[in-house]
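# Structural overview
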Amino acid sequence: MTPTKQVLLDARRLYSGLIRLHILHHAEKEGIFGLGMIEELARHGYKLSPGTLYPILHGLEENGLLRSHEQGIGGKIRRVYRATSAGEKLLMAAKEKVRELFGELFEDEDVTHLPRTRSRVVALQAANHRKPSAKKAAL
Ligand SMILES: [Zn+2]
């Protein structure tokens, strides 16, 4: 394998965990469906095809982290996924790990120099160990 291919493969492995976490995060808040999730992930810079996303959703359901049912949305029947209680528990544990990692990844950075974006808000929260509800105060 060429070094470039290896790097791409490693990037895919790294991001696949982030994508799963992102899916769980949204499915814990509300019902999600494939196409909506593809759009949401694209908004965050992850370009996934249905052929990549659907197997992820099916896998998460098979492992008991999501459950789905068919629902009519906008005149179409869609398969809607929600996090199960096992999914919620795993998400809570994973969020703690993300908070911990985030703090270390950015500990040497002066987050006040980051552009005024959501990343900056999150960085400020992590730096201050604030809860998400305090995000307005961090601005
Ligand atoms: Zn999102």
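It should be noted that the structure appears before, not after, this text.
What this report covers is the structure whose coordinates are included nearby.

Our focus in this paragraph is the nonpolar core. Counting residues in hydrophobic clusters, the biggest one holds 13 residues, and the most contacted among them are Leu24, Ala27, Leu65 and Leu66. At the level of elements, α1 (3–29), α2 (34–43), α3 (50–62) and β2 (76–83) are the ones that each hand at least two residues to this core. At 3 residues, the largest contribution of residues to this core is made by α1. In this view, Ala27 contacts Ile32, Leu66, Tyr81, Arg82, Ala83 and Gly87; residues no more than four positions away in its chain are not counted.

Structurally, the position occupied by Ile23 is in helix α1. Sequence separation between Ile23 and Leu41 is 18 residues; the distance between their C-alpha atoms is 8.6 Å. With residues near it in sequence (within four places) discarded, Ile23 still touches Met37, Ile56 and Leu60.

Its 13 residues give α3 an end-to-end C-alpha distance of 18 Å, which sits within 8% of 18 Å, the value for a rise of 1.5 Å per residue. One or two positions beyond α3, positive phi appears at Gly64, with a value near 85 degrees.

The two faces of the sheet receive side chains in turn, since in a regular strand these alternate between them. Both strand β1 (residues 66–73) and β2 contribute to a ladder of 8 bridges, which runs antiparallel. Paired with Glu70 across the two strands is Arg79, which belongs to β2.

The rules behind the values
- Residues numbered from 1 in each chain as written.
- Predicted model: local features only at pLDDT ≥ 70, side-chain atom pairs only at ≥ 80, totals over all residues.
- Core = buried A, V, L, I, M, F, W, Y, C linked by C-beta atoms within 7 Å.
- Buried ≥ 20, exposed ≤ 12 C-beta atoms within 10 Å, placed from the backbone.
- Helix = DSSP H or I, 4+ residues; strand = E, 2+ residues; numbered from the N terminus.
- Contact = placed C-beta atoms within 7 Å.
- Expected span 1.5 Å × (residues − 1).
- Pairing = 2+ DSSP bridges.

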